[in-house]
Amino acid sequence: MGSKLLFFFFIFISSQYIFAQDNKTTDSLHKEIVFEKVEVEASFPGGHSEWVKFLVQNLKADIPIDNGAPIGIYTVMAQFIVGEFGLISDLKVLTNFGYGMEEEVLRVLRNSPPWLQALQDGEHVKAYRKQPITFVVEQDGLEVITKDRYILYTGTDNAITINADKVKSADLFVTITQGEITSTGNGNYIVRVNNPGKAIIEVYNKKKKNLLLGSVYFQINPQTGEDNKVFEKAQIEASFPGGEKAWRNFLEKNLKANVPLNNNAPSGSYMVIIQFIVHKDGSLSDLKTLTNHGYGLEVEALRVMKKSPNWIPAMQNGNNVTAYRKQPLTFVVMNH
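Residues numbered from 1 in each chain as written. Predicted model: local features only at pLDDT ≥ 70, side-chain atom pairs only at ≥ 80, totals over all residues. Heavy atoms only, no water.

1. Section: the overall build of the protein
1) Next: Each helix and strand in the protein was counted, giving seven helices and 19 strands.
2) Next: Across the 336 residues of the protein, 48% fall into the buried class.
3) Next: Total accessible area on the protein stands at roughly 17000 Å², and carbon and sulfur atoms take up 48% of it. (Helix = DSSP H or I, 4+ residues; strand = E, 2+ residues; numbered from the N terminus. Buried < 20%, exposed > 50% of the residue type's maximum accessible area, 1.4 Å probe, protein only. Areas by Shrake-Rupley, 256 points an atom, 1.4 Å probe, with all protein chains shown as cover.)

2. Looking at the sheet that holds strand β13 (residues 197-205)
1) Next: Strands sit in the order β8-β14-β13-β10 across an open sheet of four strands; the sheet is mixed. Strands at the two margins of the open sheet, each flanked by one partner only, are β8 (151-153) and β10 (172-176). Neighbour-to-neighbour, the strand axes of this sheet turn through a mean angle of 30°, independent of strand direction. (Pairing = 2+ DSSP bridges. Axes fitted to C-alpha atoms, helices over the stretch in contact; angles between N-to-C directions.)

3. Observations regarding the pairing of strand β12 (residues 188-192)
1) Next: Judged by which residues are buried, β12 turns out to be one-sided: Tyr 189 and Val 191 face inward and are buried, whereas Asn 188, Ile 190 and Arg 192, on the alternate face, are not.
2) Next: Judged from the four bridges that link them, strand β9 (residues 158-164) and β12 form a sheet pairing that is antiparallel. Of the residues in β12, the one forming a bridge with Thr 161 is Asn 188.
3) Next: Alignment of strand β11 (residues 180-185) against β12, held across five bridges, turns out to be antiparallel. Following the sheet pairing, Ile 181 is matched in β12 by Val 191.
4) Next: Between β11 and β12, which pair antiparallel and follow one another directly, the connecting turn spans two residues, one of which, Asn 186, has a positive phi of 60°.

4. A word on the pairing of β10
1) Next: Residues Leu 172, Val 174 and Ile 176 point to one face of β10 and are all buried, whereas Phe 173 and Thr 175, pointing to the other face, are not buried.
2) Next: Inspection of the sheet shows β10 paired to β13 by five bridges, in the antiparallel sense. Within β13, the residue paired with Val 174 across the bridge is Val 203.

5. Comments concerning the packing of aromatic side chains
1) Next: Enumeration according to the criterion identifies 19 aromatic pairs in this entry.
2) Next: Ring centres 5.9 Å apart and planes at 40° place the aromatic pair Phe 173 and Tyr 204 in the tilted group. A residue pair is termed long-range when its members are at least 10 positions apart, and Phe 173 in strand β10 and Tyr 204 in strand β13 qualify at 31 residues.
3) Next: The buried category is assigned to Tyr 204, whose relative accessible area is 17%.
4) Next: Aromatic side chains Tyr 270 and Tyr 295 sit 6.2 Å apart centroid to centroid with 65° between the ring planes, which places their arrangement in the edge-to-face category. (Phe/Tyr/Trp six-rings, centres within 6.5 Å; stacked < 30°, edge-to-face > 60°.)

6. Topic: the packing of helix α5 (residues 243-254) against helix α7 (residues 297-305)
1) Next: For the pair α5 and α7, the least separation of the axes is 11 Å and the interaxial angle reads 115°. By the angle between their axes, α5 is roughly perpendicular relative to α7. At the point where α5 passes α7, the crossing takes the right-handed sense. Residues Trp 247, Phe 250, Leu 251 and Asn 254 of α5 lie in contact with α7, whose contacting residues are Glu 300, Arg 303, Val 304 and Met 305. (Parallel < 35°, antiparallel > 145°, perpendicular 65-115°, else oblique. Left-handed = near helix turned anticlockwise from the far one by under 90°. Contact = heavy atoms within 4.5 Å.)

7. Describing the nonpolar core
1) Next: Of all hydrophobic cores here, the largest spans 27 residues; its most connected members are Trp 51, Tyr 74, Val 105, Leu 109, Trp 115 and Phe 135.
2) Next: When residues of this core are traced back to their parent elements, those giving at least two are α2 (48-58), β3 (72-82), α4 (101-110) and β6 (123-139).
3) Next: Counting 26 residues, the second-largest nonpolar core is a separate cluster that includes Leu 255, Leu 302, Val 304 and Phe 331. (Core = buried A, V, L, I, M, F, W, Y, C linked by side-chain atoms within 4.5 Å.)

8. Examining the packing of α2 against α4
1) Next: It is at 11 Å that the axes of α2 and α4 come closest, and there the two elements cross at 115°. Viewed along their axes, α2 and α4 adopt a mutual orientation that is roughly perpendicular. Here the hand of the crossing between α2 and α4 comes out right-handed. Note on element contacts: α4 touches α2 through Glu 104, Arg 107, Val 108 and Leu 109, opposite Trp 51, Phe 54, Leu 55 and Asn 58.
2) Next: Its residues assigned to classes, the contact of α2 with α4 comprises five nonpolar, one polar and two charged. (Nonpolar A, V, L, I, M, F, W, Y, C, P; charged D, E, K, R; others polar.)

9. Observations regarding the pattern of salt bridges
1) Next: Evaluated as defined, the whole model comprises seven salt bridges.
2) Next: Residue Glu 50 is joined to Lys 53 by a salt bridge in which the shortest nitrogen-to-oxygen separation is 3.3 Å. With a gap of three residues between them, Glu 50 and Lys 53 both fall in helix α2, about one helical turn apart.
3) Next: A relative accessible area of 32% places Glu 50 in the partly exposed class.
4) Next: For Glu 237, the salt bridge identified is with Lys 233, shortest N-O distance 3.0 Å.
5) Next: For Lys 233, a relative accessible area of 53% translates into the label exposed. (Salt bridge = Lys/Arg side-chain N within 4 Å of Asp/Glu carboxyl O.)

10. Details of the environment of Leu 91
1) Next: Locating Leu 91 in the fold gives a position in strand β4 (residues 88-93).
2) Next: According to the relative accessible area criterion, Leu 91 is partly exposed, its value standing at 23%.
3) Next: When the C-alpha positions of Leu 91 and Arg 110 are compared, they lie 8.1 Å apart, and in sequence the two are 19 residues distant.

11. As for the confidence of the model for the protein
1) Next: Overall, the predicted model of the protein reaches an average pLDDT of 85, with 89% of residues at or above 70.
2) Next: For residues 1-27, every residue scores under 50 in pLDDT, and the model assigns this stretch 103 contacts once sequence neighbours within four places are set aside. (pLDDT = per-residue confidence, 0-100.)

Laid out in structure tokens, this is it:
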């Protein structure tokens, strides 16, 4: 049975808008520290669209298929340091799916151009960056449908549907590597699993001497009521549609840059941090500021964010989730 591979690439675009060049030199202490958390994360130059182009040109998308990976979603997580001049170092992977995916991700990242450095207190700093690359492996002629794509939950009945081309549902024989799978007829099954981790479902054709039609990889998560959960941190954070360039265009059209000057703010750089929730449908709620510079800065930042279009929602294990998002906006005041 023929196979195909779809692959998706994700990058968290975190940007700020600066109205004038701040020539302040980087503090010597910041040069030595490798930050684990920063106000503005390091990002790929040119934003999401350039990252996708880079992967299309460099990633060998057929690696999992060539190495016999089952159908499923595999989010390989790489970690590295973005240092001086945007050079990356200390590359390692935090996942272990196998099938050559981690090796391929490391190979591609070693060919990466310099990144845009992270920002802390308005200065470029060395910082860790976690970068997900998600492979989605699908197989022609075999479809497996679940509520959350290729995810099962412990301690509950997980309903799945299996469709195989040119094979009657009554002729399917299905096994699972942990837990139990029970047919309810017409290609529908109930799966119960007890332990978080992973499971492989294998689908056979009984009429062809139990010919293996395909294998499917499932991630098993604890049953935690995630439909209503608001994630503090997701694998792929919410982002503005169109990436950094679109975000800057939105600010150019909507932000009143002279607000701090009109309110007699002293010369300097003012980073306003806004926190909000991005829902699964991309809508925003619970906007608030985490800074208190005054001079109308926070009020203006909130006014602009209330005009924002829907965002691209965060993702966890290949699914859209509701999550918090912190967005910095930097005003630079230069009084003459």
